[in-house]
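Below, each chain spelled out in residue letters.
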Amino acid sequence: MRVLGIDPGSTVTGYGVVEARGSEVALVASGTIEAPRRDPLPQRLKRIHDSLLIVIDRWAPDQMAVEGLFFAQNPRSTLALGQTRGVVLLGAATAELAVFEYSPMEVKQAVVGFGRATKEQVQEMVRRLLGLRAPVPADASDALGVALCHLQTCRLAERLRGAR
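Since this is a predicted model, take the numbers as computed values, not measurements.

J.: I'd love a proper account of the overall build of the protein chain, names of residues and values included.
T.: Looking only at helices and strands, the protein chain has 5 helices and 5 strands in total. Secondary structure elements of the protein chain occur, N-terminal to C-terminal, as β-β-β-α-β-α-β-α-α-α. Expected size for 164 residues packed as a compact globule is a radius of gyration near 15 Å; at 15 Å, the protein chain falls within 12% of this value. Judged by the C-alpha coordinates and their principal axes, the protein chain covers about 50 × 35 × 30 Å. Residues counted as buried form 45% of the 164 residues belonging to the protein chain.

Dropping the structure here:
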């Protein structure tokens, strides 16, 4: 199964594609979609949406996992993040991808084993889990963490079904 993980942001949206092959997980691609802060929000959202469709077309994921909404201190930031998530979800719907959402705490718990892990701890565990020589930049690493969380959740669900 190939999973596209997304870490939405109104100026930088991280993405990461991983593929499960039996018990192994491999990195397929990762990167960021950058939408300059100087651009008006509608143009940034269009750029994120259009770029996401290119990522989906290029890497052909089977499913998408998205980091859930958290509430920032600044209400405007929270609103912009919600709008960014909206265009990400629209991109998934356009590509007819099933979408699964995970809270930041669920992702950290799945990847690091501690729901209040730091970004650096997530980054290091993503590096280790994927057997990479160097860490992936933070936004892409967070997206890979979301994808890994989804794969772990799917594997657990399969084991539970098999135990019945």
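J.: Can you tell me about the sheet that holds strand S2 (residues 12-21), naming the residues and giving the values?
T.: Adjacent strands of a sheet pair through backbone hydrogen bonds, lying either parallel or antiparallel. Ordered by their spatial adjacency, 5 strands build an open sheet running S3-S2-S1-S4-S5, and the pairing between neighbours is mixed. Edge strands, defined here as strands with exactly one partner in the open sheet, are strand S3 (24-34) and strand S5 (98-102). If you compare each strand with its neighbour and ignore which way they point, the axes differ by 20° on average. Its contacts with the sheet place helix H1 (residues 41-59) against strand S1 (2-7), S2, S3 and strand S4 (63-67), and it is angled at close to 155° to S3. Strands S1, S2, S3, S4 and S5 of the sheet are contacted by helix H5 (residues 138-162), whose axis makes an angle of about 35° with S2.

J.: Run through the side chain of Gln63, naming residues and quoting values.
T.: Within the element layout of this structure, Gln63 appears in strand S4. Judged by relative accessible area, Gln63 falls into the buried class, the value being 18%. At 2.5 Å, the side chain of Gln63 and the side chain of His150 are in polar contact. Other than its neighbours up to four places away in sequence, Gln63 contacts Met1, Arg2, Val3, Leu4, Leu97, Ala98, Phe100, His150 and Cys154.

About the thresholds
Residues numbered from 1 in each chain as written. Predicted model: local features only at pLDDT ≥ 70, side-chain atom pairs only at ≥ 80, totals over all residues. Heavy atoms only, no water. Helix = DSSP H or I, 4+ residues; strand = E, 2+ residues; numbered from the N terminus. Rg over C-alpha atoms; globule rule 2.2 N^0.38 Å. Buried < 20%, exposed > 50% of the residue type's maximum accessible area, 1.4 Å probe, protein only. Pairing = 2+ DSSP bridges. Axes fitted to C-alpha atoms, helices over the stretch in contact; angles between N-to-C directions. Contact = heavy atoms within 4.5 Å. Polar contact = N/O pair within 3.5 Å; in protein donor to acceptor, adjacent residues only side chain to side chain.

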